[in-house]
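So you can see what is in the structure, the chains are spelled out below.
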Amino acid sequence: MSSPTFYVEANPAPVAANERTRLLADPGFGKLFTDHMAMIRWSDAKGWHDAKITARGPLMLDPATAVLHYAQEIFEGLKAYRLADGGIALFRPEENARRFRESAQRMAMPELPDDLFIGSIEALVKADANWIPDLEGGSLYLRPFMFASEVFLGVKPASEYLYLVIASPAGAYFKGGAKAVTIWVSDHYTRAAPGGTGAAKCGGNYAASLVAQAEAIREGCDQVVFLDAAERRWVEELGGMNLFFVFDDGSIVTPPLTGTILPGITRESIISLAREQGITVREQAYAIDQWEADAKSGRLVETFACGTAAVVTPVGTVKSRDGAFTIGSGGPGQITEALKARLTAIQRGEAPDPHGWVHRFG
Ligand SMILES: *Cc1c(COP(=O)(O)O)cnc(C)c1O
């Protein structure tokens, strides 16, 4: 696939090198941004046009801009890594490009061609390569997103959109690395209903999850886990991560993609890696009562959540209004740690990449 060319307007006032070095020593997550952004416009009349890399800065939006009223917005999240040999790589960006198109379809938005999606990210990472942190677990987190930019209050798919990519240097997502988290079972709020937008990566899903996440924090938990909206019985996923359950016979279960769960690229990669190692992986509905019973009987030995930002996060304790239960030792489990190590080694170019998942460039 040939990369389209992006017109580059260099930032005339980038962050000074010594200041950048200071900031990159402790980037945190999502609070520090690079000098540039990628931008492409779409209109009914012109289609995709005006692709460029430009100085990162505020957007001027008319108060009647459609997204501010009806939330027609989608996004993606992926990381650029510095490889041991100095090269730069993305992990399975073709999958993000495809999912971005699928999210666009669901939200009645135009589909960005894959070469523009990947080209915009490559061009931005090249412009801001000196922002990739040189830290253990460090990466440049990339946030492509698109929103309805038409100035119009009528309820219909907009006739103008803005696609942007911003980049944020990141250390480890959860402080303390792979420490096990405590999660709160939301018995009142649900995340996605059949026929809804659960499989689309749209801001609206997150907006609807925040009150449940706030409840989780109030209950002394780190994250919220959602049950299915129809029966309030089947374990679906966290606000932004998919779930895996590891049993004492070595097999693994993860909830199936039935349209209410976000099809995570980390999820799919973990399934492939586990199967290659001879582990039986079942994509199967798993009930909340069963989860508790299996944890208590010892049949369930590990649970972990996964997603691009935090990669793999062990779940130690599950809390609900009925009480709490602990999984295994309450700390990171062996299979969890082994799968995480395998995945991150491939992502960072430290292990063979038989699937061609690592997209090298620059
Ligand atoms: C993005 C996301 C995930 C994880 O997807 P990855 O492709 O693995 O990063 C899981 N759940 C939700 C709700 C998400 O938005």
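Per an unreviewed UniProt entry, the chain goes by the name Branched-chain-amino-acid aminotransferase and belongs to Sphingomonas suaedae. Recorded in UniProt for the chain, the comment headed Function (unreviewed entry) runs: "Acts on leucine, isoleucine and valine." For the record of the chain, the UniProt heading Cofactor (unreviewed entry) holds the text "pyridoxal 5'-phosphate".

Attention now moves to the pattern of salt bridges. With the rule as written, the count across this model stands at 16 salt bridges. Where E292 meets K296, a salt bridge forms, and the shortest distance between an N and an O atom there is 2.6 Å. Highlighted residues: E292 and K296, both in helix α7 (residues 288–297), separated by 4 residues, approximately one helical turn. With a relative accessible area of 27%, E292 lands in the partly exposed category. Sharing partners across several salt bridges, the network here consists of E95, R98 and E102.

What follows deals with helix α8 (residues 334–347). For α8, with 14 residues, the first-to-last C-alpha span of 20 Å sits near the 20 Å given by 1.5 Å per residue. If you check which residues of α8 are buried, you get T336, L339, K340, L343, A345, I346 and Q347. Where α8 ends, the next residue or the one after it, G349, has phi of about 75°, a positive value.

Structurally, L339 can be placed in helix α8. On the basis of relative accessibility, which here comes to 2%, the residue L339 falls in the buried class. The spacing of L339 and Q277 is 62 residues in sequence and 9.7 Å in space, taken between C-alpha atoms. Those residues in contact with L339 that lie beyond four places of it in its chain are I252, I270, L273, A274, Q277 and F304.

Before going further, it helps to examine unusual backbone geometry. Here R92, not a glycine, exhibits a phi torsion of approximately 45°, which is positive. Note on placement: R92 falls in the loop between β6 (88–91) and α3 (93–106). Judged by its relative accessible area of 8%, R92 is buried. Of note, the phi angle at A108 is positive, near 55°, even though the residue is not glycine. Relative to the elements of secondary structure, A108 occurs in the loop between α3 and α4 (114–127). Among the residues examined, A108 registers a relative accessible area of 39% and is labelled partly exposed.

As a further point, take the packing of aromatic side chains. Scanning all chains against the criterion turns up 13 aromatic pairs. Judged by centre distance (5.4 Å) and plane angle (45°), the ring pair of F100 and F117 falls under tilted. Taken together, the residues span a long stretch of sequence, with F100 in helix α3 and F117 in helix α4 at a distance of 17 residues. Classification of F117 by relative accessible area gives buried; the value is 0%. Through pairs of rings, three or more aromatic residues link up here, namely F245, F247, Y286, W291 and F325.

With that settled, the discussion passes to the side chain of E237. Examined against the element boundaries, E237 turns out to sit in strand β11 (residues 235–238). In terms of polar contacts, E237 uses its side chain to reach the side chain of R191, at 3.1 Å. Separated by 2.9 Å, the side chain of E237 and the backbone nitrogen of L262 make a polar contact. Apart from residues no more than four positions distant in its own chain, E237 is found in contact with R191, V224, V225, F226, N242, L243, T260, I261 and L262.

What counts, and at which threshold
- Residues numbered from 1 in each chain as written.
- Predicted model: local features only at pLDDT ≥ 70, side-chain atom pairs only at ≥ 80, totals over all residues.
- Heavy atoms only, no water.
- UniProt positions renumbered as here; feature names shortened; annotations may be inferred.
- Salt bridge = Lys/Arg side-chain N within 4 Å of Asp/Glu carboxyl O.
- Helix = DSSP H or I, 4+ residues; strand = E, 2+ residues; numbered from the N terminus.
- Buried < 20%, exposed > 50% of the residue type's maximum accessible area, 1.4 Å probe, protein only.
- Expected span 1.5 Å × (residues − 1).
- Contact = heavy atoms within 4.5 Å.
- Phe/Tyr/Trp six-rings, centres within 6.5 Å; stacked < 30°, edge-to-face > 60°.
- Polar contact = N/O pair within 3.5 Å; in protein donor to acceptor, adjacent residues only side chain to side chain.

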